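What the coordinates show
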Amino acid sequence: KDNGSIIGPKVALPTTSAASAIWSISAQQQAAAWPDPPPLPTYSYLQVGGGASGGGSGTTGTYISSGGGGAGGYAVVGDTETSAGIVFTFTIGAGAAVDTSGRDGSGQGVNGGDTVVAATGGFSTVTMNGGGGGGGRTSGSLPGSANGNASGGGGSGAAKPGGAGGANGNAGGAGGSPVGNPYPTGGGGGAGAVGGTGSNPNCGVGGVGLAWTVNSAYYAGGGGGGAYGSATQGAGGNGGGGAGGANGASGGAGTANTGGGGGGCGTDATNNGTGGSGIIIMAIKNGTAAGTTGSPTVGSSGVYTTYAFTSSGTLTI
């Protein structure tokens, strides 16, 4: 049938109801005119203080083995929305140096340096202290030391206690009671666990650190206790803790940029283990930094752009 120059039956037009999932031209124009705003950038960061050095034992005189160094304080800030223009200033805590106090470097381990985050826009300054030094041989033997909100150092031989742990760390392990020769020592505390207690003939292991969810890496492990005689030295905690030295061997160093504690010195060895330096890693989602100073290492992890600071610097959102 001829329908006014259109051959064939009339075809009904589709409806424009919501149920049909078809929008009218005017509705499409309105939607295009008011698109959803882009998501605000969010930031999260990891902040770790410098690790402490293990205690020293000396090479002459009365030999008492030494405790492992405590890990630096560990803190994480989760995804937080922010406006553009916020400037963060970062100070990275140094790992503790080898102890040279007392005879032949036989004294208390040195505390690690503080890692600090400050920012404009009304943010509070946050400080993660360095770890507490491991107990050494000076004056017979020493307990591990404590330092603010970080982890404490392990106690030296002859059953000396470990240093207390702060809110962002754990206590060091105590040295064990000597039975004849071994003098087992305590491990330094880590962010995730207390340091191991010395128990004849084994020295305490360093406390394990914690893994950051952004990159799954561990930080802030404690140092292992150093050994005397036939004792077995303590392993370093996962997260950069240095192993304790065997009898006659120096303590292992904490890993740089993890905040790990250094291992205690083995008796009749010169050096205790140095602490690992701290770190700050800023992770930005839905954006990138507007600018940085201090030459951070830029990377990516899933939906995040990461900025790892191993020396002091700034980052602008």
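Just so we're clear, the structure is a prediction, and the values are computed from it rather than from any experiment. (Residues numbered from 1 in each chain as written. Predicted model: local features only at pLDDT ≥ 70, side-chain atom pairs only at ≥ 80, totals over all residues. Heavy atoms only, no water.)

**Concerning the overall build of the chain**
Across its full length, the chain carries one helix and twelve strands. Along its sequence from the N terminus, the chain presents helices and strands in the succession α-β-β-β-β-β-β-β-β-β-β-β-β. Restricting to contacts in the chain with at least 6 residues of sequence separation, those with at least 24 account for 54%. (Helix = DSSP H or I, 4+ residues; strand = E, 2+ residues; numbered from the N terminus. Contact = heavy atoms within 4.5 Å.)

**Notes on the sheet that holds strand β8 (residues 279-285)**
Paired through their backbone hydrogen bonds, the strands of a sheet run either parallel or antiparallel. Here we have five strands laid out as an open sheet, ordered β2-β1-β8-β11-β10, and antiparallel in their pairing. Two strands bound the open sheet, and with one partner strand each, they are β2 (74-81) and β10 (297-301). Here the strands of the sheet are splayed against their neighbours by 20° on average, with no regard to which way each runs. Pairing of strand β1 (residues 42-48) with β2 involves six bridges; the strand directions are antiparallel. Counted as the bridge partner of tyrosine 43 is threonine 80 from β2. (Pairing = 2+ DSSP bridges. Axes fitted to C-alpha atoms, helices over the stretch in contact; angles between N-to-C directions.)

**Quick word on the confidence of the model for the chain**
When pLDDT is averaged along the chain, the result is 87, and 82% of the positions lie at 70 or above. pLDDT under 50 marks residues 13-20. Its contacts with residues more than four places away, or in other chains, come to five contacts. (pLDDT = per-residue confidence, 0-100.)

**Some points on the pattern of salt bridges**
Evaluated as defined, the whole model comprises one salt bridge. Ionic pairing is found between aspartate 79 and lysine 285, a salt bridge with its closest N-O pair at 3.0 Å. Taken together, the residues span a long stretch of sequence, with aspartate 79 in strand β2 and lysine 285 in strand β8 at a distance of 206 residues. (Salt bridge = Lys/Arg side-chain N within 4 Å of Asp/Glu carboxyl O.)

**Things to note about the sheet that holds strand β4 (residues 115-119)**
Across the sheet, which stays open at both edges, the five strands sit in the order β5-β4-β3-β12-β9 with antiparallel pairing between neighbours. Edge positions in the sheet fall to β5 (126-128) and β9 (291-293), since each of these pairs with one other strand and no more. Averaged over all pairs of adjacent strands, the angle between their axes in this sheet comes to 15°, without regard to strand direction.

**Here's the deal with the environment of alanine 94**
Among the secondary structure elements, alanine 94 is positioned in the loop between β3 (87-91) and β4. Placed 162 residues apart in sequence, alanine 94 and alanine 256 show a C-alpha to C-alpha distance of 9.2 Å.

**Brief notes about the packing of aromatic side chains**
For the structure on display, the rule yields seven aromatic pairs. Seen in terms of ring centroids, phenylalanine 90 and phenylalanine 309 are 4.8 Å apart; in terms of plane orientation they differ by 65°. Their pairing is edge-to-face. Of this pair, phenylalanine 90 sits in strand β3 while phenylalanine 309 sits in strand β11 (residues 304-309), and the two are 219 residues apart along the sequence. On the basis of relative accessible area, phenylalanine 90 is assigned to the buried category, the value being 1%. What makes phenylalanine 309 buried here is its relative accessible area of 0%. (Phe/Tyr/Trp six-rings, centres within 6.5 Å; stacked < 30°, edge-to-face > 60°. Buried < 20%, exposed > 50% of the residue type's maximum accessible area, 1.4 Å probe, protein only.)

**Comments concerning the pairing of β4**
Burial of β4 is one-sided: the residues Thr115, Val117 and Ala119 facing one way are buried, the residues Val116 and Ala118 facing the other way are not. Across four bridges, β3 lies against β4 in antiparallel orientation. Across the sheet, threonine 91 pairs through a bridge with valine 116, a residue of β4. Counting the residues in the hairpin turn of β4 and β5 gives six residues, including glycine 121, whose phi is positive at 85°.

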